[in-house]
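These are the residues of each chain, in order.
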Amino acid sequence: MKVALLSNATTSVLEGMLREKAEVWSPSGHGAWMETALAPPADLVAFAPDLVLVLLDRHFADVSADPSAAADALRSGFPSAAVVVPDLEAMAAEIGEGFYDERMRKLARMPWSLTGLRELAKLAAPAKKVLALDFDGVLWDGVAGEGEVLPRTGFQREVAALVRRGVALVALSKNNPADAEAAFARPGSALSLDDFAVVRVDWQPKPENLAAVAAELNLGLDAFVFVDDSPAERAEMRVKLPEVCVPPFPPRLDALFPQLGAVTAEDAARVAGYRAEAERRRFAAGRSLDDYLESLKIHTDIHLMRPDESARVAQLSQRANQFNVLTHRHSEAEARAFADEADAFTAVMSAGDRFGELGLVAFVRVRGGEIVDWVMSCRAMNRRLEFALEEFVEAEAARRGVSRLAATWRRTARNEPVRELYDRFGFALVSKTEGERRYERILG
């Protein structure tokens, strides 16, 4: 993902944190946010951001210009980008005094503490995939089972729109299940329990439930946004699971889940996919890996990328972290251009099993006899699907006259699981350092 960062304060430390997972652009010198918004420089236009994050902190300096005018100008200038202007005053009030560090203000002209920086970095994290919701005081006014409840229809509709875009819902509510179910049946409700991928309606601590759900869905904790009207519950979640994004209440869902790219078929089917993943994990209990994989009845479709698959290929490049050997992030426009590259091809793989379709889960891009992208969704890991895809890639490369196939793994914060991917394929190790391993394979 490509993030443009505008602010009235110095953001160099934040930029470094974001670069672990995204490409980052910022203007030279802080305070140029309005000028940049109204007249984007050529290098920003060429950068073509997916997300523009505008951080205006009145605690640091007065903001005399109109932020909404800047946001409107950015949306007009970058129609395919999400423009996010978070409410930093609300964030600071939520976190408390720990959001700021006066020493940093004086020494580096940056007001935020390390805690504050971590919270800001979560706003630009491309990994957020799940919205974990409390019920009472969030989806309705009142307490289920203790009198009449009134659905917050507007907020529920916002949440329902996120589901249609592929955001998975998780219920984290301290309630009696029957009372919660009855509350969803009230006139005006735009959601039902069927909209939730996982439901945890009980009296267990919410951090424990969320950690268990993350394991069940095979997702990192940084994929979750937790919304609760209780300051105590929010504070407990931040302390016990600091990777989870916990916004002030009420949340701004458009800032937490900005629209990045087109909605794909995989997005529309994601909630059903998470439910199927939970079923797979229950099915795997007590089975050996070989027996489990054989019983899954896996099927695949591997072919050269079609034009209508470029949006999903771009999405995979932006979201996949664990099974991503070089972690190049591509926009939709860049992915569409793959088909026109000389001396190159992109192979894609769709898969499914007895529990349902996984959709397009992987792609490999080869250019000039070198694998320049190898990306797979975490949903498809641990199924040995990569070997079928590699066999196709090698056959296609050989058909195109490639006799020597080169490949590289480069370390990122999350891709350790594929450090020895090419060793497993039987590639010869040419060189290695702590952060990079280079390989080759003679074909034919």
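Structural notes, computed from the coordinates.

Thresholds applied
- Residues numbered from 1 in each chain as written.
- Predicted model: local features only at pLDDT ≥ 70, side-chain atom pairs only at ≥ 80, totals over all residues.
- Heavy atoms only, no water.
- Helix = DSSP H or I, 4+ residues; strand = E, 2+ residues; numbered from the N terminus.
- Buried < 20%, exposed > 50% of the residue type's maximum accessible area, 1.4 Å probe, protein only.
- Contact = heavy atoms within 4.5 Å.
- Areas by Shrake-Rupley, 256 points an atom, 1.4 Å probe, with all protein chains shown as cover.
- Lys, Arg positive; Asp, Glu negative; His and termini not counted.
- Charge placed at Lys NZ, Arg CZ, Asp CG, Glu CD.
- Salt bridge = Lys/Arg side-chain N within 4 Å of Asp/Glu carboxyl O.
- Polar contact = N/O pair within 3.5 Å; in protein donor to acceptor, adjacent residues only side chain to side chain.
- Pairing = 2+ DSSP bridges.
- Axes fitted to C-alpha atoms, helices over the stretch in contact; angles between N-to-C directions.
- Core = buried A, V, L, I, M, F, W, Y, C linked by side-chain atoms within 4.5 Å.
- Parallel < 35°, antiparallel > 145°, perpendicular 65-115°, else oblique.
- Nonpolar A, V, L, I, M, F, W, Y, C, P; charged D, E, K, R; others polar.
- Phe/Tyr/Trp six-rings, centres within 6.5 Å; stacked < 30°, edge-to-face > 60°.
- Lys NZ or Arg CZ within 6 Å of the ring centre and 35° of its normal.

## Digging into the overall build of the chain
Along the backbone of the chain there are 19 helices and 17 strands. By its C-alpha atoms, the chain is 70 × 55 × 35 Å across when sized along the principal axes. In the chain, which comprises 444 residues, the proportion classed as buried is 53%. For the chain, contacts bridging at least 24 residues in sequence account for 69% of all contacts bridging at least 6. For the chain, the accessible area works out to roughly 19200 Å², and carbon and sulfur atoms hold 51% of it. In the chain, the 55 positive side-chain charges and the 67 negative ones have mean positions that sit 3 Å from each other.

## Focus on the pattern of salt bridges
Tallied over the entire structure, the rule returns 36 salt bridges. Between Glu-119 and Lys-122 there is a salt bridge, with the nearest N and O atoms lying 3.2 Å from each other. In this pair, Glu-119 and Lys-122 are both assigned in helix 7 (residues 114-123), three residues apart and thus about one turn of the helix distant. Both residues of the pair, Glu-119 and Lys-122, belong to the buried class. Across the salt bridge formed by Glu-434 and Arg-411, the nearest N and O atoms sit 3.4 Å from each other. On the criterion of sequence distance, the pair formed by Glu-434 in the loop between strand 16 (428-432) and strand 17 (436-442) and Arg-411 in the loop between strand 15 (404-410) and helix 19 (421-425) is long-range, its members being 23 residues apart.

## Some thoughts on the side chain of Asn-175
Mapped onto the elements of the fold, Asn-175 is located in the loop between strand 8 (168-174) and helix 9 (177-184). A residue is classified by how much of its surface remains accessible, and Asn-175, at 3% relative accessible area, is buried. A polar atom in the side chain of Asn-175 sits 3.1 Å from the side chain of Asp-136. For Asn-175, the side chain forms a polar contact with the side chain of Ser-173, separated by 3.0 Å. Sequence-distant contacts of Asn-175, defined by excluding residues within four places in its chain, comprise Phe-135, Asp-136, Ala-144, Val-201, Asp-202 and Trp-203.

## Details of the side chain of Ser-310
Locating Ser-310 in the fold gives a position in helix 16 (residues 310-319). Polar side-chain contacts of Ser-310 include one of 3.0 Å to the backbone oxygen of Pro-307. Residue contacts for Ser-310: discarding those within four places in its chain leaves Met-305, Ala-335 and Arg-336.

## A closer look at the sheet that holds strand 3 (residues 51-55)
Reading across the sheet, the four strands line up as 2-1-3-4 and stay open at both edges, with parallel pairing between neighbours. Across the chains shown, the open sheet's two edge strands, defined by having one partner strand only, are strand 2 (23-25) and strand 4 (82-84). Averaged over all adjacent pairs, the angle separating strand axes in this sheet is 20 degrees, with direction ignored. Pairing of strand 1 (residues 2-7) with strand 2, which is carried by three bridges, proceeds in the parallel orientation. When the bridges of strand 2 are listed, Ala-4 appears paired with Trp-25. Contacting strand 1, strand 3 and strand 4, helix 4 (residues 67-77) runs over the sheet at an angle of about 170 degrees to strand 4.

## A short note on the nonpolar core
Core analysis: the largest hydrophobic core is formed by 111 residues, its most contacted members being Trp-112, Leu-131, Leu-133, Leu-139, Phe-224 and Trp-374. Membership of the second largest hydrophobic core comes to 19 residues, among which are Ala-37, Phe-47, Val-52 and Val-85.

## Digging into the packing of helix 10 (residues 206-217) against helix 14 (residues 270-284)
The interhelical angle for the contact between helix 10 and helix 14, taken along N-to-C directions, is 85 degrees, at an axis separation of 8 Å. Comparing their axes, helix 14 and helix 10 come out roughly perpendicular. Of helix 14, the residues touching helix 10 (which contributes Ala-215, Glu-216 and Leu-217) are Tyr-274, Glu-277, Ala-278, Arg-281 and Arg-282. Of the residues that constitute the contact of helix 10 with helix 14, the class distribution is four nonpolar, no polar and four charged.

## Points about the pairing of strand 10 (residues 224-227)
Burial along strand 10 is two-sided: the residues Phe-224 and Phe-226 and Val-225 and Val-227 are all buried. Sheet analysis places strand 5 (residues 130-133) next to strand 10, joined by four bridges and oriented parallel. Of the residues in strand 10, the one forming a bridge with Ala-132 is Phe-226.

## Concerning the packing of aromatic side chains
This model, assessed by the stated rule, comprises 14 aromatic pairs. Between Trp-374 and Phe-425 the ring centres are 5.2 Å apart and the planes differ by 50 degrees, which places this aromatic pair in the tilted class. Taken together, the residues span a long stretch of sequence, with Trp-374 in strand 14 (residues 370-376) and Phe-425 in helix 19 at a distance of 51 residues. Here the two residues Trp-374 and Phe-425 agree in accessibility, since each one is buried. Relative to Phe-427, the ring of Tyr-422 has its centre 5.2 Å away and its plane inclined at 50 degrees; by these criteria the two rings are tilted. When its relative accessible area of 0% is taken as the criterion, Tyr-422 is described as buried. Pairwise contacts between aromatic rings join Trp-374, Phe-387, Tyr-422, Phe-425, Phe-427 and Tyr-439 into one cluster. Here the basic side chain of Lys-2 rests over the ring of Phe-47, its NZ or CZ set 5.8 Å away from the ring centre. The ring of Phe-355 has Arg-354 lying over it, and the distance from NZ or CZ to the ring centre is 5.8 Å.

By themselves these figures say nothing about function.
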